[in-house]
Amino acid sequence: MEPDQGAAMGLYKYVTANTAKKILEGSIRFTQPGAFNDPFELLPQFIIDKDMKEHKRTFLFCVMSPRRKGLDKSHISVDEKLSSDIQARAMMSDFNNNIGILCLSRNEESLLMWAHYAGEYSGAVIEFDEGHEFFYGLNPVKYQKRRPAFKLTDFYESPVPIADLCVKSSVWSYEKEVRLIRSAVDLSDSGGRFNNHPVLTMDIPLDCIKSIYIGERMSVADQRDIWTKVKDTEIALSLAAVANWDYSFRYETIKYRGPLSGSPIITPRTAHIFKDEPG
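Residues numbered from 1 in each chain as written. Predicted model: local features only at pLDDT ≥ 70, side-chain atom pairs only at ≥ 80, totals over all residues. Heavy atoms only, no water.

A. Quick look at the overall build of the protein. The number of helices and strands found in the protein is four helices and 18 strands. For the protein, contacts bridging at least 24 residues in sequence account for 81% of all contacts bridging at least 6. When the accessible area of the protein is evaluated, it comes to approximately 14700 Å², of which 50% is carbon and sulfur surface. Between the averaged position of the 35 positive side-chain charges in the protein and that of its 38 negative side-chain charges there is a distance of 5 Å. (Helix = DSSP H or I, 4+ residues; strand = E, 2+ residues; numbered from the N terminus. Contact = heavy atoms within 4.5 Å. Areas by Shrake-Rupley, 256 points an atom, 1.4 Å probe, with all protein chains shown as cover. Lys, Arg positive; Asp, Glu negative; His and termini not counted. Charge placed at Lys NZ, Arg CZ, Asp CG, Glu CD.)

Below, the structure written as structure tokens:
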């Protein structure tokens with residue numbers, strides 16, 4: 001890809017063609033933790049003090065605050081009788097009812113993510129403008145070998161950043177994931193269902209989208225739909241075609257970022273998108 005040279009790192013989302021079209025129509029989904037493909041999401045172990053009589057209590061959480069440092073005790077050996085995830089499972093139930101998470105990536109060209117999240121190369125990668133106010137409160141996922149373990153008492157008294165719990169196994173580290181967490185009261189129920197959870201969405205302004213890279217396997221009909229939605233915006237559009245060398249893509253530019261000036265850029269690899277258009 002051709003990331004903005006003024007930015008240190010990009011912000012990307014791998015999506016199916018239908019999801020790309022919904023985002024271009026101004027709506028993006030925030031997913032409940034229980035609907036993710038990783039069963040360990042936001043599910044740490046808690047270390048309970050020997051003399052603690054009350055194991056269950058209601059915690060207060062903050063969706064915007066950054067992760068606190070130095071709380072993870074997963075490197076310390078603890079008696080199994082004092083380590084439990086029962087409280088974490090109770091919290092998960094609350095999270096599924098009260099928050100949604102938008103998962104994004106710092107990895108601009110992942111073959112695995114194209115396959116897993118972008119419809120096996122029939123979808124798209126969307127590049128966002130991280131500086132846009134829509135992404136206020138963005139937090140990185142922490143990757144490590146051990147499942148996180150926290151002292152239960154560290155979650156008492158003041159609201160806890162949900163970012164504290166955004167820790168995943170190092171096997172997922174290639175995703176370079178960052179997250180935007182929002183309260184369910186700020187999201188809309190679309191009426192649909194995904195993995196037995198309501199589909200929650202938020203309006204997203206098109207001016208926070210920088211570029212779209214459509215997959216080589218995307219149907220011609222979907223490629224044309226996306227072109228129609230992009231051509232009158234300032235969003236750049238390219239086709240991620242399989243390169244003739246190495247395990248990589250070559251990016252066939254269709255439209256540069258900014259208003260369209262004249263005609264789109266047409267190459268032998270992208271001409272099929274425009275063959276029925278006048279002129």
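B. Spotlight on the packing of aromatic side chains. Under the defined criterion, the tally for this structure stands at 12 aromatic pairs. Ring geometry for Tyr121 and Phe249: centres 5.9 Å apart, planes at 50 degrees, overall tilted. Here Tyr121 is found in the loop between helix 3 (111-117) and strand 7 (124-128), whereas its partner Phe249 is found in strand 18 (residues 249-255), with 128 residues between them in sequence. For Phe249, a relative accessible area of 10% puts it in the buried group. Relative to Tyr251, the ring of Tyr213 lies with its centre 5.5 Å away and its plane at 75 degrees, an arrangement referred to as edge-to-face. (Phe/Tyr/Trp six-rings, centres within 6.5 Å; stacked < 30°, edge-to-face > 60°. Buried < 20%, exposed > 50% of the residue type's maximum accessible area, 1.4 Å probe, protein only.)

C. Inspection of the pairing of strand 7 at higher detail. Counting buried positions over the five residues of strand 7 gives five, a clear majority of the element. Burial along strand 7 is two-sided: Ala124, Ile126 and Phe128 facing one way and Val125 and Glu127 facing the other are all buried. By the bridge criterion, five bridges tie strand 1 (residues 11-15) to strand 7 in an arrangement that is antiparallel. Counted as the bridge partner of Tyr12 is Glu127 from strand 7. Inspection of the sheet shows strand 7 paired to strand 16 (residues 209-215) by five bridges, in the antiparallel sense. Bridging from a neighbouring strand, Glu127 pairs with Ser211 of strand 16. (Pairing = 2+ DSSP bridges.)

D. Up close: the nonpolar core. Formed by 37 residues in total, the largest nonpolar core has its most connected members in Phe128, Phe134, Phe135, Ile209, Ile212 and Ile214. No other element matches helix 1 (residues 17-24), which puts four residues into this core. Excluding anything up to four places from it in sequence, Phe128 contacts Leu11, Lys13, Ile28, Leu104, Phe135, Ile204, Cys208, Ile209 and Lys210. With 23 residues, the next largest nonpolar core counts Phe36, Leu43, Met91 and Leu152 among its residues. (Core = buried A, V, L, I, M, F, W, Y, C linked by side-chain atoms within 4.5 Å.)

E. Geometry of the side chain of Lys255. Here Lys255 shows up in strand 18. Although Lys255 lies buried, it forms no salt bridge, and the closest oppositely charged side chain, Glu234, sits 7.5 Å away as judged by the N-O distance. A polar contact is formed between the side chain of Lys255 and the backbone oxygen of Ile235, at a distance of 2.8 Å. A distance of 2.6 Å separates the side chain of Lys255 from the backbone oxygen of Gly258, its partner in a polar contact. With residues up to four places along the chain from it excluded, the contact list for Lys255 reads Trp227, Val230, Lys231, Thr233, Glu234, Ile235, Ala236, Leu237 and Leu260. (Salt bridge = Lys/Arg side-chain N within 4 Å of Asp/Glu carboxyl O. Polar contact = N/O pair within 3.5 Å; in protein donor to acceptor, adjacent residues only side chain to side chain.)

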